[in-house]
Amino acid sequence: MWKPDKNKVSDKEIIGRRVFGQKIFIAPRERGLFKMDIFYDTRLENELSFDRLGLKTVDKDVVKFLTPQCHQHGDMQNKTFVGWATIKVSDLKKLTIQPTPTEENPYHVDLSREGFRDPLSAELLAYRLAHHASLLELVLAAKEDRHNNS
């Protein structure tokens, strides 16, 4: 399993924004246009939270590791975790992405919204992120038995 640098995010990394719910695409899924709201957070004082999913490609073991906690996160909000809208870090020029690993999630990063804290700027940033995510893919959650209590 890939172990990311704790101090620096490489421009060769793929990051993903967690996606919850059913209506995540603007158009039919084949066109892959993500809805902007995936990247819009009304808590404008906060940074945007992402997961580091791999170097150059998505690491399936990282996805398998993160999936259970993503389902828990969704359960706490009464939302269904679907997967991640992915973006190449190299596509996010002039934006600051800072590793913010925790014991529970060593793959966590924050995208700084400095300069994007007013509602209109935050919306423009969300549009830009949705566009870049539409160039890659939706990485689905790893299959797991969520009803197994063993």
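Bear in mind that the values here come from a model prediction, so they are computed numbers and not experimental data.

What counts, and at which threshold
Here the residue numbers are simple positions, counted from 1 along each chain's written sequence. A pLDDT threshold of at least 70 governs which residues receive local features in this predicted model, and a stricter bar of 80 or more applies before side-chain atom pairs are shown or counted, although totals over entire chains, interfaces and linings include all residues. Calculated side-chain values reflect all of the structure's heavy atoms, with hydrogen atoms and water omitted. The cut-offs for exposure are 20% and 50% of the maximum accessible area for each residue type, with area from a 1.4 Å probe on protein chains only; residues under the lower value are buried, those over the upper are exposed, and the others partly exposed. Under the DSSP-based scheme used, a helix requires at least four consecutive residues in state H or I and a strand at least two consecutive residues in state E, with every element numbered from the N terminus. Should DSSP find at least two bridges between two strands, the strands are taken to pair. Orientation is described by lines fitted to C-alpha atoms, with helices fitted over the stretch in contact, and by angles between N-to-C directions that extend from 0 to 180 degrees. Working rule for contacts: check all heavy atoms of both residues, and any pair within 4.5 Å makes them a contact.

Draft legend 1. Summary view of the pairing of strand β5 (residues 108–111). With burial as the criterion, each face of β5 is covered, one bearing H108 and D110 and the other bearing V109 and L111. Across four bridges, the pairing between strand β2 (residues 48–55) and β5 is antiparallel. Across the sheet, F50 pairs through a bridge with V109, a residue of β5.

Draft legend 2. Quick look at the sheet that holds strand β4 (residues 97–99). Taken together, the six strands give an open sheet; going across it, the order is β4-β5-β2-β1-β3-β6, and neighbouring strands pair in antiparallel fashion. Taken across any chain shown, the strands that pair with only one partner, and hence form the sheet edges, are β4 and β6 (138–140). Sheet twist, expressed as the average angle between the axes of neighbouring strands with direction ignored, equals 40 degrees. On the sheet, helix α1 (residues 60–76) packs against β1 (13–20), β2, β3 (81–88) and β6 and is oriented at approximately 30 degrees with respect to β1.

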